[in-house]
Amino acid sequence: MSKKDKAKATAPIQDTEFKVNIFTINEGLITYDNVKYIRIKSTNYNLLIMKDYMPILGEIEGSISFEGPNVNKAYENVLAFYMSKENEFNLIIRKTMEDDGTAN
């Protein structure tokens, strides 16, 4: 076993998942810990983000949901921007859209 493998074997295992920060004008800053995965359904793509996913940023025109042992939250019909880096997900919800496409 190499020194690198021994270091990995003796390193403490972190049981934390995602930390999610959501900012909206109406609700302010909301933080969720221990989120297992994030599902994004946008007009151009579908994305499932899990622990240790590569850094990513983008725009959502659709829906997003967060799920974990203590968290089950979904936002439908939103226009938002996100950034995921080092197991921390930041979401800024620009506006929510009703079925006719207008902002709330």
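Going by the structure above, here's the rest.
Calculation criteria
Residues numbered from 1 in each chain as written. Predicted model: local features only at pLDDT ≥ 70, side-chain atom pairs only at ≥ 80, totals over all residues. Heavy atoms only, no water. Helix = DSSP H or I, 4+ residues; strand = E, 2+ residues; numbered from the N terminus. Buried < 20%, exposed > 50% of the residue type's maximum accessible area, 1.4 Å probe, protein only. Contact = heavy atoms within 4.5 Å. Areas by Shrake-Rupley, 256 points an atom, 1.4 Å probe, with all protein chains shown as cover. Patch = residues over 30% accessible without salt bridge, like charges linked within 9 Å, V, L, I, M, F, W, Y side chains within 5 Å. Salt bridge = Lys/Arg side-chain N within 4 Å of Asp/Glu carboxyl O. Pairing = 2+ DSSP bridges. Axes fitted to C-alpha atoms, helices over the stretch in contact; angles between N-to-C directions. Core = buried A, V, L, I, M, F, W, Y, C linked by side-chain atoms within 4.5 Å.

Peer 1: Whenever I open this one, the overall build of the chain confuses me. Can you help?
Peer 2: Looking only at helices and strands, the chain has one helix and seven strands in total. When the helices and strands of the chain are placed in sequence order, the string is α-β-β-β-β-β-β-β. Here the chain holds 104 residues, and the buried ones make up 33% of them. Considering only contacts in the chain between residues 6 or more positions apart, those separated by 24 or more positions represent 40%. Surface exposure of the chain reaches about 7200 Å², of which carbon and sulfur atoms provide 50%.

Peer 1: Before we go on, may I ask you to explain a nonpolar patch on the surface in this structure?
Peer 2: On the surface, Phe 23, Ile 25, Leu 29, Phe 81 and Ile 92 cluster together into a nonpolar patch covering about 530 Å² of accessible area. Tracing the chain through its elements places Leu 29 in strand β2 (residues 28–35). With a relative accessible area of 59%, Leu 29 lands in the exposed category.

Peer 1: Looking at this model, I keep getting lost on the sheet that holds β2. Mind explaining?
Peer 2: To summarise the sheet geometry, strands pair through backbone hydrogen bonds and adopt either a parallel or an antiparallel arrangement. A sheet is described by the order of its strands in space; here seven strands give the open sequence β2-β1-β7-β6-β5-β3-β4, paired in mixed fashion. One side of each edge strand has no neighbouring strand; the edge strands of this open sheet are β2 and β4 (46–50). Neighbour-to-neighbour, the strand axes of the sheet open up by a mean angle of 35°, direction not taken into account. Two elements, strand β5 (residues 56–67) and strand β6 (residues 72–85), share eleven bridges in a ladder whose sense is antiparallel. Counterpart to Ile 56 in the pairing with β6 is Ser 84.

Peer 1: I would appreciate a short explanation of the nonpolar core in the present structure.
Peer 2: As a rule of thumb, soluble globular proteins bury nonpolar side chains together. In this structure, Ile 38, Phe 66, Phe 89 and Leu 91 are the most contacted members of the largest nonpolar core, which totals 22 residues. Of all the elements in the fold, those that place two or more residues in this core are β1 (18–24), β2, β3 (37–42), β4, β5, β6 and β7 (88–96). If sequence neighbours within four positions are ignored, Leu 91 has contacts with Asn 21, Ile 22, Phe 23, Ile 60, Ile 64, Phe 66, Ala 80, Phe 81 and Tyr 82.

Peer 1: Explanation requested: the pairing of β2 in the structure shown.
Peer 2: Consecutive side chains along a regular strand alternate between the two faces of the sheet. Inspection of the sheet shows β1 paired to β2 by seven bridges, in the antiparallel sense. The residue of β2 that forms the bridge with Lys 19 is Asp 33.

Peer 1: Looking at this model, I keep getting lost on the pattern of salt bridges. Mind explaining?
Peer 2: Think of it this way: side chains of opposite charge can pair up when their charged atoms draw near. Per the counting criterion, the structure on display carries one salt bridge. Here Glu 17 makes a salt bridge to Lys 36, at a shortest N to O gap of 3.6 Å. Separated by 19 residues along the polypeptide, Glu 17 in the loop between α1 (3–10) and β1 and Lys 36 in the loop between β2 and β3 bring together distant segments of the chain. Residue Glu 17 is classed as buried on the basis of its relative accessible area of 14%.

That is the geometry; function is a separate question.
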